[in-house]
Amino acid sequence: MPFTRAGALWSALIAGFLVLIVLLVFVTQNTDPVDLRFLAWQWSLPLGVAILLAAVCGGLVTALAGTARIFQLRRAAKRTLAARR
């Protein structure tokens with residue numbers, strides 16, 4: 001069977017839904033409230049939601065750092081290309 005972009009997209013969608021189901025089960029099984037403190041703020045969340053929120057925030061920080069690096073590399077590539085002309 002040949003590799004196609006539509007096939008890859010379909011596979012990625014199925015994998016994403018499986019991960020979503022696993023996360024949903026994780027959050028529903030970890031409902032004990034935990035107290036969280038950050039600087040002057042204090043709040044209470046279910047444990048599963050707190051861990052999921054921490055993972056999402058970590059992913060966002062990683063994405064921001066990756067985006068900054070991509071822009072940095074593009075700028076360097078443009079400068080190199082302009083210097084060659």
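Residues numbered from 1 in each chain as written. Predicted model: local features only at pLDDT ≥ 70, side-chain atom pairs only at ≥ 80, totals over all residues. Heavy atoms only, no water.

**Q** Any chance you could explain the overall build of the chain here in plain terms?
**A** When you go through the chain residue by residue, the secondary structure sums to 2 helices and 2 strands. Scanning the chain from its N terminus toward the C terminus, one meets helices and strands in the order α-β-β-α. A compact globule built from 85 residues should have a C-alpha radius of gyration of about 12 Å, whereas the chain, at 21 Å, is more than 25% larger. Overall, the chain is about 65 × 50 × 10 Å in size when its C-alpha atoms are taken along their principal axes. Taken over 85 residues, the chain has a buried fraction of 5%. Summed over its atoms, the accessible surface of the chain is roughly 7,700 Å², and 71% of this surface lies on carbon and sulfur atoms. (Helix = DSSP H or I, 4+ residues; strand = E, 2+ residues; numbered from the N terminus. Rg over C-alpha atoms; globule rule 2.2 N^0.38 Å. Buried < 20%, exposed > 50% of the residue type's maximum accessible area, 1.4 Å probe, protein only. Areas by Shrake-Rupley, 256 points an atom, 1.4 Å probe, with all protein chains shown as cover.)

**Q** Please explain the pairing of strand β1 (residues 33-38) as it appears in this structure.
**A** Walk down a regular strand and you will see the side chains alternate between the two sheet faces. β1 sits mainly on the outside: 0 of its 6 residues count as buried. Pairing of β1 with strand β2 (residues 41-46) involves 6 bridges; the strand directions are antiparallel. Bridge pairing in β2 places L36 opposite W43. Hairpin geometry of β1 and β2 is characterised by an intervening segment of 2 residues between the two adjacent antiparallel strands and by a positive phi of about 55° at L39. (Pairing = 2+ DSSP bridges.)

**Q** Could you clarify how one ought to interpret the packing of aromatic side chains in this entry?
**A** Geometry of an aromatic ring pair is reported as the spacing of the ring centres plus the angle between the planes. Scanning all chains against the criterion turns up 1 aromatic pair. Measuring from centroid to centroid gives 5.9 Å for F38 and W41, while their planes differ by 20°, and the two rings are stacked. Residue F38 is classed as partly exposed on the basis of its relative accessible area, which comes to 48%. On the accessibility criterion, W41 (54% relative accessible area) is exposed. (Phe/Tyr/Trp six-rings, centres within 6.5 Å; stacked < 30°, edge-to-face > 60°.)

**Q** Where do I start with the UniProt feature "transmembrane region" (unreviewed entry) in the chain in this structure?
**A** In the numbering adopted here, UniProt assigns the feature "transmembrane region" (unreviewed entry) to residues 7-27 and 47-71. Helix makes up 100% of residues 7-27 and strand 0%. Its end C-alpha atoms lie 30 Å apart. What you have in residues 47-71 is 100% helix and 0% strand, and the ends, taken at the C-alpha atoms, are 37 Å apart. (UniProt positions renumbered as here; feature names shortened; annotations may be inferred.)

**Q** Honestly, unusual backbone geometry in this entry has me stumped. Any pointers?
**A** One can expect most non-glycine residues to show negative phi and most peptide bonds to be in trans. Look at L39: it is not a glycine, yet its phi comes out positive at around 55°. Take L39: it is sitting in the loop between β1 and β2. On the basis of relative accessibility, which here comes to 76%, the residue L39 falls in the exposed class.

**Q** Any chance you could explain the UniProt feature "domain: Lipopolysaccharide assembly protein A" (unreviewed entry) in the chain here in plain terms?
**A** Look at the UniProt record and you will see "domain: Lipopolysaccharide assembly protein A" (unreviewed entry) annotated at residues 29-79. Secondary structure content for residues 29-79 is 67% helix and 24% strand, and the end C-alpha separation is 53 Å.

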